[in-house]
Amino acid sequence: MTTATSKETLGFQTEAKQLLQLMIHSLYSNKEIFLRELISNASDAADKLRFEALADGTLYENDPELKITITFDQEAKTLSISDNGIGMSKDDVISHLGTIAKSGTAEFLGRLSGDEKKDSQLIGQFGVGFYSAFIVADRVEVLTRRAGLEPSEGIHWESEGEAEFSVESIEKADRGTTVILHLREDSADFADNWRIRSVVKKYSDHIAIPVLMEKQATPDYDDEGKEKPVEENTTPEFEAVNDATALWTRSRSEVTDEEYIEFYKHVSHDFEDPLSWTHNKVEGKLEYNSLLYVPKKAPFDMWNREASRGLKLYVQRTFIMDDAEQFLPLYLRFIKGVIDSNDLSLNVSREILQQDPAVDSMKSAVTKRVLDTLSKIAKNDSEKYQLFWDQFGQVLKEGPAEDFSNKEKIAKLLRFASTHTNSDVQSNSLEDYVGRMKEGQDKIYYVAAENFTTGSNSPHLEVFRKKDIEVLVFYDRIDEWLMGHMMDFDGKQFQDVGKGELNLGDLEGEDDKKEKEKLETENKDLIERVKKVLGEKIDSVRVTNRLTDSPACLVVGEDDMGAQMRRIMEQAGQAMPESKPILELNPEHSLVKKLDQESDEDRFADLVDILFDQSTLAEGGQLDDPAAYVHRLNKLILDLSK
Ligand code: ADP
Ligand code: MG
């Protein structure tokens, strides 16, 4: 079998080694999934061959019937999965089976806790793949040859799943890949006809090419009812054990939930069940099938810009490409699935896709489909929707900026934390909020802060609490940016409670307004004195009607950037135009009354500085000179105790 080329032993990439060990230890309770993974790879290999053969028919090497064949040997305790797909060259084998090319792998492994139970959940999120063979095998051989290469360029790969693997050149007449598993003692039961058939049925029925197994000889009986001996030396007959039609081409009523779920795992390389899916056949000007899935968990690399995303594109059942990102907007990058077009040309490329107007129409139809699916979940099953939102809400928040035409639809899908539910769970829709608005309220109020606690305890909310007006609490970094693109919802404008003069419109009674005017005139002198002390630090000083418990607070001008947004930008190293806050005083507060009576100008100045710094702290800001603040406060405490 071997040629002159000698055997080489190579070490697994560190990450591959770690992953391998983790996999073997953590997936023990669900061993049988190895078969799903190997069949999935064989099917991918067939897809790739069919695609490459579009340009070069000789790759079929006179063997165009693509198939997967499973054989086993009970005595030797082996199980083999063969395909006549694209196969692998030596370089392919070394890089695909010796390293893990997924971006973010090192980061992923860094998150492992060492707690096997937790880690085994993570591994599912990562996707298990080829290495799952080692769950049931203590030795794995791969015999492969890439389509189009010479028979002498076959490769024999072998490993015991420890630190290293070997590669060796072999003669391989037929293209494609055979994976031979030498089963572990405790997994030897997989070398069994019925066991394999049931696992294939369960996980791989949807595979679009036949998965073949040897036909079971049905026992023949003689006249006396005794089993006739099976004839030796007959060539075995093979039969397909799966359905072998592309699942997305079947009609919805014919496909079971289990089949949809297993197909999802195949296309997404996800280990978990999907949260939901939508399967549609579109006929008319454009003809295509789409099968779109909403995953249950965000992938570990959702925030990685290079991460794979989008759908698998097929043209008339022929696989064309993974990650066909042209069919979905970026804010729906978590959607997985298949789109199969009848209109596109078989030799379509990414470049062509970018310019094809048919692709744009498909993109907008697919986008609507996804948004409708999400709306339906939101409407019918709020618990399920909450699961979705907690995983993907932050990505969906990119929507209104990216997709103006669907702004309204996306707005209804958004969820926020609120003083109404008083928890950091983002569970309130804008429709809920509007439904709870007080009579005379014409704005949707929000506060933005680093976290829920800071936001909901902000002094800016005091009057809202007093008047029982709901305020949304934003603490995701993207929220204020999102507001910049939303403007309004259902005709109601969004209003940052920390911005501009508080104008509660009709919510304010005549008495409130008169009272405020009165306070303004009464405190004219005080305001002037405070202004003098703070000088350049502030834009202005005024009395406020937004506070009940706090003596003072800071607000920004109506057209200025919100304080939280400014902090985020500054942290990111952005140079911000100078903007000064407005100090608002609560003249009803005894501290402010005391301040007004303070005749010692030094003490007055200290008190004002303290009030100013406290206002900064209360809304989650940082002091320019914390030591000076502490110093002043201590002086004050000592004065008090004199
Ligand atoms: P994934 O399928 O998610 O890419 P796997 O660990 O399952 O990850 O497989 C790793 C790679 O090994 C595949 O991407 C493919 O390039 C290669 N591979 C595995 N099995 C086969 C096969 N039967 N034929 C050709 N290539 C294969
Ligand atoms: Mg795979």
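Now for a description of the structure that goes with this document. Computed from a prediction, not measured in an experiment: that's the story for all the values here. (Residues numbered from 1 in each chain as written. Chains lettered and ligands numbered in written order. Predicted model: local features only at pLDDT ≥ 70, side-chain atom pairs only at ≥ 80, totals over all residues. Heavy atoms only, no water.)

Okay, the side chain of His 589 next. Structurally, the position occupied by His 589 is in the loop between strand S23 (582-585) and helix H21 (590-597). On the basis of relative accessible area, His 589 is assigned to the buried category, the value being 17%. (Helix = DSSP H or I, 4+ residues; strand = E, 2+ residues; numbered from the N terminus. Buried < 20%, exposed > 50% of the residue type's maximum accessible area, 1.4 Å probe, protein only.)

Enumeration over the complete set of coordinates arrives at 48 salt bridges. Salt-bridge contacts for Arg 36 lead to Glu 262; the nearest nitrogen and oxygen are separated by 3.8 Å. Here Arg 36 is found in helix H2 (residues 33-55), whereas its partner Glu 262 is found in helix H8 (residues 257-268), with 226 residues between them in sequence. Like Arg 36, the residue Glu 262 is buried in the burial classification. Here Glu 619 ties to Arg 567 by a salt bridge, and the two come within 3.7 Å at their closest N and O atoms. Residue Glu 619 is found in the loop between helix H22 (601-618) and helix H23 (626-641), and its partner Arg 567 is found in helix H20 (residues 563-571); the two are separated by 52 residues along the sequence. The burial state of Glu 619 is the same as that of Arg 567; both residues are buried. Each of Lys 537, Asp 606, Asp 609, Asp 613, Arg 632 and Lys 635 takes part in salt bridges that share partners, so that together they form one network. (Salt bridge = Lys/Arg side-chain N within 4 Å of Asp/Glu carboxyl O.)

This part covers the packing of aromatic side chains. For any pair of aromatic rings, geometry is given as the distance between the ring centres together with the angle between the planes. Following the criterion strictly, the structure yields 20 aromatic pairs and no others. Residues Tyr 385 and Phe 388 carry aromatic rings whose centres are separated by 5.4 Å and whose planes lie at 45° to one another, so their mutual orientation is tilted. Here Phe 388 and Tyr 385 lie together in helix H11 (residues 382-396), a separation of 3 residues that amounts to about one turn. Both residues of the pair, Tyr 385 and Phe 388, count as buried. Clustering of aromatic rings is evident, with ring pairs tying together Phe 12, Phe 130, Tyr 131, Trp 157 and Phe 165. (Phe/Tyr/Trp six-rings, centres within 6.5 Å; stacked < 30°, edge-to-face > 60°.)

Core analysis: the biggest nonpolar cluster contains 73 residues, and Leu 313, Phe 327, Leu 396 and Phe 464 have the highest contact counts within it. No other element matches helix H10 (residues 357-380), which puts 9 residues into this core. Contacts of Phe 327, omitting those with residues within four sequence positions, involve Leu 311, Leu 313, Ile 339, Leu 344, Leu 353, Val 359, Met 362, Lys 363 and Val 366. Membership of the second largest hydrophobic core comes to 61 residues, among which are Leu 35, Ile 81, Leu 181 and Met 213. (Core = buried A, V, L, I, M, F, W, Y, C linked by side-chain atoms within 4.5 Å. Contact = heavy atoms within 4.5 Å.)

With that out of the way, let us pick up the site of ligand 1. Every residue close to ligand 1 is listed here: Asn 41, Ala 42, Ala 45, Asp 83, Met 88, His 96, Leu 97, Gly 129, Phe 130, Thr 177 and His 269. The contact in question runs from a nitrogen atom of ligand 1 to an N or O atom on the side chain of Asp 83, over 2.9 Å. In this structure, a nitrogen atom belonging to ligand 1 sits 3.3 Å away from a side-chain N or O atom of Thr 177. Protein contacts shield 81% of the accessible area of ligand 1, which totals 530 Å² for the unbound molecule. Breaking the shell around ligand 1 down by element, the ones donating at least two residues are H2 and helix H3 (90-98). Tallied by class, residues from the shell around ligand 1 come to 5 nonpolar, 5 polar and 1 charged. (Near = heavy atom within 4 Å. Polar contact = N/O pair within 3.5 Å; in protein donor to acceptor, adjacent residues only side chain to side chain. Areas by Shrake-Rupley, 256 points an atom, 1.4 Å probe, with all protein chains shown as cover. Nonpolar A, V, L, I, M, F, W, Y, C, P; charged D, E, K, R; others polar.)

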